[in-house]
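Results of the structural survey
So the chains spell out like this:
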Amino acid sequence: MRRAADGMLKAVILRLIVRCLLLSACCALIQGTSHAQGIFGRWVTIDDNSGKKRSIVEISERGGKAYGKIVQLFREPGEEADPVCDECDAADDRYNMKVIGMEFIRGMVRDDDEWDDGTILDPENGKVYDCKLWVEEGKLKVRGYVAFFFRTQTWVRESAKP
């Protein structure tokens, strides 16, 4: 009788150990997936001055590089609902292109936890800047720069509240 009880106890302990290992593996997988997602997905851009939502941007990977396009604009009354980039350089393929759907982040290359060596276009003034992207505390940091002069914006995931 004692041997049967010992066998049952060992089986229960073994099942508990297996369940703990499976739970740990699932948690690691979920955390790894979240980290791997990194910069990719939909982000809400926030106006630096007013704190209002400006747009929703989708960042995706193509050929090992990251690209971003504008998928929605939040416009004020009186503003053009679906503007074109008429300030873009005429030699740029985005000249006179509608801003919604425009690929305005191009050619970002992963460098550890950051993405850089690409460019970002400001459709309001048509200027193209060197760019760096990284995630910090769950928010996307977007830095546009020329030489030593830069500006960094903070974007939040679409599902998160800004």
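Everything discussed here concerns the structure shown above.
Criteria and cut-off values
Residues numbered from 1 in each chain as written. Predicted model: local features only at pLDDT ≥ 70, side-chain atom pairs only at ≥ 80, totals over all residues. Heavy atoms only, no water. Helix = DSSP H or I, 4+ residues; strand = E, 2+ residues; numbered from the N terminus. Buried < 20%, exposed > 50% of the residue type's maximum accessible area, 1.4 Å probe, protein only. Contact = heavy atoms within 4.5 Å. Core = buried A, V, L, I, M, F, W, Y, C linked by side-chain atoms within 4.5 Å. Lys, Arg positive; Asp, Glu negative; His and termini not counted. Salt bridge = Lys/Arg side-chain N within 4 Å of Asp/Glu carboxyl O. Polar contact = N/O pair within 3.5 Å; in protein donor to acceptor, adjacent residues only side chain to side chain. Phe/Tyr/Trp six-rings, centres within 6.5 Å; stacked < 30°, edge-to-face > 60°. Lys NZ or Arg CZ within 6 Å of the ring centre and 35° of its normal. Disulfide = S-S within 2.5 Å. Pairing = 2+ DSSP bridges. Axes fitted to C-alpha atoms, helices over the stretch in contact; angles between N-to-C directions.

**Quick look at the environment of glycine 144**
In this fold, glycine 144 is placed in strand S7 (residues 139–146). Glycine 144 sits in the buried class, given a relative accessible area of 14%. As for glycine 144 and threonine 119, which are separated by 25 residues in sequence, their C-alpha atoms are 7.9 Å apart. With near-sequence residues (within four places) excluded, glycine 144 lies in contact with Ile120, Tyr129, Asp130, Phe149, Phe150 and Arg151.

**Focus: the nonpolar core**
Within the largest apolar cluster, 23 residues are counted, with the highest numbers of intra-cluster contacts made by Ile39, Ile59, Phe104, Ile105, Leu133, Leu140 and Trp155. If you list the elements that add at least two residues to this core, you get strand S2 (53–62), strand S3 (65–73), strand S4 (103–111), strand S5 (114–122), strand S6 (127–136) and S7. In this view, isoleucine 59 contacts Ile39, Phe40, Gly41, Trp43, Ala66, Tyr67, Gly68, Ile105, Leu133, Leu140 and Trp155; residues no more than four positions away in its chain are not counted.

**Description of the side chain of arginine 157**
Examined against the element boundaries, arginine 157 turns out to sit in strand S8 (residues 149–157). With no salt bridge to any partner, buried arginine 157 finds its closest opposite charge in glutamate 158, at an N-O distance of 8.9 Å. In this structure the side chain of arginine 157 is engaged in a polar contact, spanning 2.4 Å, whose partner is the backbone oxygen of glycine 38. Among the polar contacts listed, one links the side chain of arginine 157 to the backbone oxygen of phenylalanine 40, at a separation of 2.9 Å.

**Considering the packing of aromatic side chains**
Per the stated rule, a full pass over the model turns up 2 aromatic pairs. For the ring pair phenylalanine 40 and tryptophan 115, a centre distance of 5.4 Å and an interplane angle of 80 degrees mean the geometry is edge-to-face. In this pair, phenylalanine 40 sits in the loop between helix H1 (2–37) and strand S1 (41–46) while tryptophan 115 sits in strand S5, placing the two residues 75 residues apart along the sequence. Across this residue pair, the class does not change: phenylalanine 40 and tryptophan 115 are buried. The ring of phenylalanine 74 carries lysine 53 above its face, with NZ or CZ at 4.8 Å from the centroid. Over the aromatic face of tyrosine 67 sits the side chain of arginine 62, whose NZ or CZ is 3.9 Å from the ring centroid.

**Some details on the state of the cysteines**
The full count for this structure, using the stated rule, is 1 disulfide. Linked covalently through their sulfurs, cysteine 85 and cysteine 88 form a disulfide whose S-S length is 1.8 Å. Its torsion about the S-S bond being 85 degrees, the disulfide of cysteine 85 and cysteine 88 is classed as right-handed. For cysteine 85, a relative accessible area of 0% translates into the label buried.

**Quick word on the sheet that holds S8**
Strand order in the closed barrel made by the 8 strands is S1-S2-S3-S4-S5-S6-S7-S8, with antiparallel pairing throughout. Within this sheet the neighbouring strands show an average axis-to-axis angle of 35 degrees, counted without direction. In terms of strand pairing, S5 meets S6 through 7 bridges, oriented antiparallel. The residue bridging leucine 121 from the neighbouring strand is valine 128, located in S6.

**Quick notes on the pattern of salt bridges**
The tally for this structure, following the rule as stated, stands at 11 salt bridges. A salt bridge links aspartate 48 to arginine 151, with the shortest nitrogen-to-oxygen separation between them at 2.9 Å. Residue aspartate 48 is located in the loop between S1 and S2, and its partner arginine 151 is located in strand S8; the two are separated by 103 residues in the primary sequence. For aspartate 48, a relative accessible area of 43% translates into the label partly exposed.

These results come straight from atomic positions and should not be treated as a statement about function.
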